Amino acid sequence: MAKYIAQIIVMGAQVVGRAFARALQQEYAASQAAARARGRPGQQSAAASSITGMSLQEAQQILNVSTLTPEDIQKKYDHLFKVNDKSVGGSFYIQSKVVRAKERLDEEINIQSQQEPNQSQKNTET
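In this report, we go over the structure that sits alongside the text. Here the structure is a predicted model, which means the values were calculated and not measured.

### As for the overall build of the protein chain
Working step 1: Across its full length, the protein chain carries five helices and zero strands.
Working step 2: Moving toward the C terminus, one meets the helices and strands of the protein chain in the order α-α-α-α-α.
Working step 3: For the protein chain, with 126 residues in total, the buried portion stands at 17%.
Working step 4: In the protein chain, the share of contacts with a sequence separation of at least 24, taken over all contacts with a separation of at least 6, comes to 58%.
Working step 5: Total accessible area on the protein chain is roughly 9,500 Å²; 57% of this is exposed by carbon and sulfur atoms.

Dropping the structure here:
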């Protein structure tokens, strides 16, 4: 009886060990793919999404903006921040989402403004 229990424990440990090794390999491969994506030019937006934890589309939905104009973003941010203030019965969670959305959109505007001079330099070189 003890022999069978020992065999079951050993087999279970082997199964768990293989699953763990496979998961580790997959995580390593995903990490390498993400590192390659961040290193490529034009992938700064994806890197910003992974850093802030929010996609550009999600940030636009939270602030209800379709175009990336700083004035429009600031106007929507100010309104939503005031409405969701805890002192007026708002939600701190939603207020923090509004702040993160504005940070993400500001980062995207910075990325686009950095890419525009690079593109104009390329056009003048050709």
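The structure having been displayed, the exposition proceeds.
### Section: the nonpolar core
Working step 1: Ranked by size, the top nonpolar core spans 10 residues in total: Met54, Ala59, Leu63, Val65, Ile73, Tyr77, Val98, Ala101, Leu105 and Ile109.
Working step 2: Going through the elements one at a time, helix 3 (56-63), helix 4 (70-83) and helix 5 (92-125) are the ones with two or more residues in this core.
Working step 3: With four residues, helix 5 is the largest single contributor of residues to this core.
Working step 4: What isoleucine 73 contacts, discounting residues up to four positions off in sequence, is Leu63, Val65, Leu68, Lys102, Leu105, Asp106 and Ile109.

### Here's the deal with the packing of aromatic side chains
Working step 1: Applying the stated criterion across every chain, the model contains one aromatic pair.
Working step 2: Consider the rings of tyrosine 77 and phenylalanine 81, whose centres lie 5.5 Å apart with planes at 35°: the pair is tilted. In this pair, tyrosine 77 and phenylalanine 81 are both assigned in helix 4, four residues apart and thus about one turn of the helix distant.
Working step 3: For tyrosine 77, a relative accessible area of 16% puts it in the buried group.
Working step 4: Accessibility expressed as a relative area gives 31% for phenylalanine 81, which makes it partly exposed.
Working step 5: Note that lysine 102 overlies the ring of tyrosine 77, its terminal NZ or CZ placed 5.5 Å from the centroid.

### Quick look at the pattern of salt bridges
Working step 1: Within this structure, the stated rule accounts for four salt bridges.
Working step 2: Where arginine 100 meets glutamate 103, a salt bridge forms, and the shortest distance between an N and an O atom there is 3.0 Å. Of this pair, arginine 100 and glutamate 103 both sit in helix 5, three residues apart, which is roughly one turn of that helix.
Working step 3: Note on arginine 100: relative accessible area 42%, which makes it partly exposed.

### Points about the side chain of glutamine 60
Working step 1: Tracing the backbone shows glutamine 60 in helix 3.
Working step 2: Residue classification places glutamine 60 among the buried residues on the basis of a relative accessible area of 18%.
Working step 3: Setting aside residues no more than four positions away along its own chain, glutamine 60 makes contact with Val65, Ser66, Leu68 and Leu105.

### Concerning a nonpolar patch on the surface
Working step 1: Together, Met1, Ile5 and Ile9 line one region of the surface with nonpolar side chains, adding up to about 370 Å² of accessible area.
Working step 2: By the element assignment, isoleucine 5 lies in helix 1 (residues 2-39).
Working step 3: For isoleucine 5, a relative accessible area of 44% translates into the label partly exposed.

Rules of the game
- Along each chain, residues carry numbers from 1 onward, in the same order as the chain's sequence is written.
- A pLDDT threshold of at least 70 governs which residues receive local features in this predicted model, and a stricter bar of 80 or more applies before side-chain atom pairs are shown or counted, although totals over entire chains, interfaces and linings include all residues.
- Where side-chain values are given, they derive from all heavy atoms of the structure, hydrogens and water being excluded.
- Numbering of helices and strands runs from the N terminus; a helix is a DSSP stretch of H or I covering at least four residues, while a strand is a stretch of E covering at least two.
- Classification of residues uses two cut-offs on accessible area relative to the type maximum, computed with a 1.4 Å probe and protein chains only: under 20% is buried, over 50% is exposed, and between them is partly exposed.
- The contact rule is simple, with two residues in contact once any of their heavy atoms fall within 4.5 Å.
- Exposure was quantified through the Shrake-Rupley algorithm and a 1.4 Å probe, taking into account, for residues, occlusion by the shown protein chains and nothing else.
- To form a nonpolar core, buried Ala, Val, Leu, Ile, Met, Phe, Trp, Tyr and Cys residues must be joined to one another through side-chain atoms within 4.5 Å.
- Ring pairs shown here join Phe, Tyr and Trp side chains whose ring centres sit within 6.5 Å, with only the six-membered ring taken for Trp; geometry is labelled stacked below 30 degrees between planes, edge-to-face above 60, and tilted in between.
- When the NZ atom of lysine or the CZ atom of arginine is within 6 Å of a ring's centre and also within 35 degrees of its normal, the charge is said to sit over that ring.
- Note on definitions: salt bridges are taken to be side-chain nitrogens of Lys or Arg within 4 Å of carboxyl oxygens of Asp or Glu.
- A residue counts toward a patch only above 30% relative accessible area and without a salt bridge, and it is joined to like-charged neighbours within 9 Å or, for Val, Leu, Ile, Met, Phe, Trp and Tyr, to nonpolar neighbours within 5 Å.

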